[in-house]
Amino acid sequence: MDSLVCGDGFSPIMKGKSDLNNTEKGGDKTPDILEPPMSTCGSTTTGGGTRAGLFRTPISGGVQSATSAHGLPKPALAVRNLMEQARFAHLCTVMSRMHHRREGYPFGSLVDFAPDSMGHPLFSFSPLAIHTRNLLADPRCTLVVQIPGWSGLSNARVTIFGDVFPLPEDQQEWAHKQYIAKHHQGPSQQWGNFYYFRMQNISDIYFIGGFGTVAWVDVKEYETLRPDKIAVDGGEQNLKELNAIFSKPLKEFLSLATEEVDDAALISIDSKGTDIRVRQGAQFNIQRLSFEVGQAVETLEEAKEALWKLINRDRVHNLHK
């Protein structure tokens, strides 16, 4: 595919490439889209969470043991939750010859995205962007998604391998609705020259979650799982409200089990627990707090109740020492 994107609009490309999502590449046929509307085109207690969570550590041990020991979702679900909670990612495309430089080299871009109900990322791209032109020439790419509140290599992240194609005109409005549900504004309406793309094929998923959690995730399992309700509903607003209430109590709570903590902020939450960014002087770490065993948190109010239960239990524990 060596057609150029014209600077005066995207419609010629959309008309010429609207069937790309049904194109065979390298012997692999793009699967049908299952979305409507579609067309042919420190110290820790494991599990109980009564004391401060473990600082994220270098990889040690297997995925199964790490997942059960620290009250983590299984890797496929952790990736689905991460995709729901993150808003931005690094997209790596292959430089095309149309740029007349560095052909074949990887090209990294910071992009925003929104996952659809199968976890496939949707993008809103300008036809003038280098990554857009690269994808039109070669749809192969990787997307690196990091946990919000990123503070270093101790944080969870995932690399998704796949093929990104422009959506046909009759799916642009559907994609727009998916997109603004997450970002609360539509670039295509704001600027008038953005178009929606989708990672139609996900070929592989590599996840690093900390606490010894590292895995190649089965794509089919990822696509069929549903993310935790607490990870989807409210997102940033939930974390903002929880931090307004719990930042100070968590700082005091975590200081009981380690050196004095200067700042604590929730950066992600799932049904089994929460990840907290902890600052001690100039040093940042991530700690995991697990909710009570058997308590699956789904709503903001349930999250508040679960956090107060952890904090108050630890206070009682320390009073009886």
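Data block above holds the structure.
Note that the structure is a prediction, hence the values are computed from the model and not measured. (Residues numbered from 1 in each chain as written. Predicted model: local features only at pLDDT ≥ 70, side-chain atom pairs only at ≥ 80, totals over all residues. Heavy atoms only, no water.)

Asks: What is the right way to read the packing of aromatic side chains from this model?
Replies: For any pair of aromatic rings, the description consists of the separation of the ring centres together with the inter-plane angle of the planes. Taken as a whole and assessed by the stated rule, the structure comprises 6 aromatic pairs. Aromatic pair Phe 161 and Trp 216: ring centres 6.0 Å apart, planes at 35°, arrangement tilted. Of this pair, Phe 161 sits in strand E8 (residues 157-166) while Trp 216 sits in strand E10 (residues 213-217), and the two are 55 residues apart along the sequence. The class of Phe 161 is partly exposed, set by a relative accessible area of 29%. With a centroid separation of 4.7 Å and an interplanar angle of 50°, the aromatic rings of Phe 246 and Trp 308 are classed as tilted. Residue Phe 246 is located in helix H9 (residues 236-255), and its partner Trp 308 is located in helix H10 (residues 300-319); the two are separated by 62 residues in the primary sequence. What makes Trp 308 partly exposed here is its relative accessible area of 33%. (Phe/Tyr/Trp six-rings, centres within 6.5 Å; stacked < 30°, edge-to-face > 60°. Helix = DSSP H or I, 4+ residues; strand = E, 2+ residues; numbered from the N terminus. Buried < 20%, exposed > 50% of the residue type's maximum accessible area, 1.4 Å probe, protein only.)

Asks: Hey, could you run me through the state of the cysteines in this one?
Replies: Cysteine pairs can be linked by a disulfide, which is a covalent bond between their two sulfur atoms. One pass over the full model with this rule turns up 0 disulfides. Its sulfur unpaired, Cys 92 is 8.6 Å from the next cysteine sulfur, which belongs to Cys 141. (Disulfide = S-S within 2.5 Å.)

Asks: Whenever I open this one, the environment of Gly 162 confuses me. Can you help?
Replies: Note that Gly 162 resides in strand E8. Taking the C-alpha atoms as reference points, Gly 162 and His 120, separated by 42 residues in sequence, lie 9.5 Å from one another. Excluding its chain neighbours within four sequence positions, the residues that come into contact with Gly 162 are Pro 139, Arg 140, Cys 141, Met 199, Asn 201, Ile 202 and Ser 203. (Contact = heavy atoms within 4.5 Å.)

Asks: Is there a simple way to explain the pattern of salt bridges in this structure?
Replies: Pairing between side chains of opposite charge can happen when the charged atoms of each approach one another. For the structure on display, the rule yields 10 salt bridges. Across the salt bridge formed by Asp 138 and Arg 140, the nearest N and O atoms sit 2.8 Å from each other. Since its relative accessible area comes to 13%, Asp 138 is described here as buried. Taking relative accessible area as the criterion, Arg 140 reaches 47% and is therefore assigned partly exposed. For Arg 313, the salt bridge identified is with Glu 292, shortest N-O distance 2.1 Å. Here Arg 313, found in helix H10, pairs with Glu 292, found in the loop between strand E13 (283-290) and H10; they are 21 residues apart in sequence, far enough to count as distant. Taking the relative accessible area as the measure of exposure, Arg 313 reaches 38% and is therefore partly exposed. Using a relative accessible area of 18% as the deciding quantity, one classes Glu 292 as buried. (Salt bridge = Lys/Arg side-chain N within 4 Å of Asp/Glu carboxyl O.)

Asks: Help me understand unusual backbone geometry, please; the structure alone is not making it clear to me.
Replies: Trans is the prevailing form of peptide bonds, just as negative phi is the prevailing case for residues other than glycine. Backbone geometry places Arg 102, a non-glycine residue, at a positive phi of 55°. With respect to the element layout, Arg 102 can be found in the loop between strand E3 (88-94) and strand E4 (106-112). Classification of Arg 102 as exposed rests on a relative accessible area of 60%.

Asks: What am I meant to see in the pairing of E13 here?
Replies: Across 8 bridges, the pairing between strand E12 (residues 273-280) and E13 is antiparallel. Across the sheet, the residue bridging to Thr 274 is Leu 289, located in E13. In this structure, the hairpin formed by E12 and E13 is closed by a connection of 2 residues, where Gly 281 is found at a positive phi of approximately 65°. (Pairing = 2+ DSSP bridges.)

Asks: Mind showing me how you'd approach the environment of Pro 249 here?
Replies: Residue placement: Pro 249 occurs in helix H9. Between the alpha carbons of Pro 249 and Asn 312 there is a distance of 9.8 Å; along the sequence they are 63 residues apart.

Asks: Whenever I open this one, the side chain of Asn 134 confuses me. Can you help?
Replies: Within the secondary structure, Asn 134 is located in helix H4 (residues 130-137). Under the relative-accessibility criterion, Asn 134 is labelled buried at 0%. Non-local contacts of Asn 134, meaning those with residues more than four positions away in its chain, are made with Thr 93, Val 94, Met 95, Ser 96, His 99 and Phe 107.

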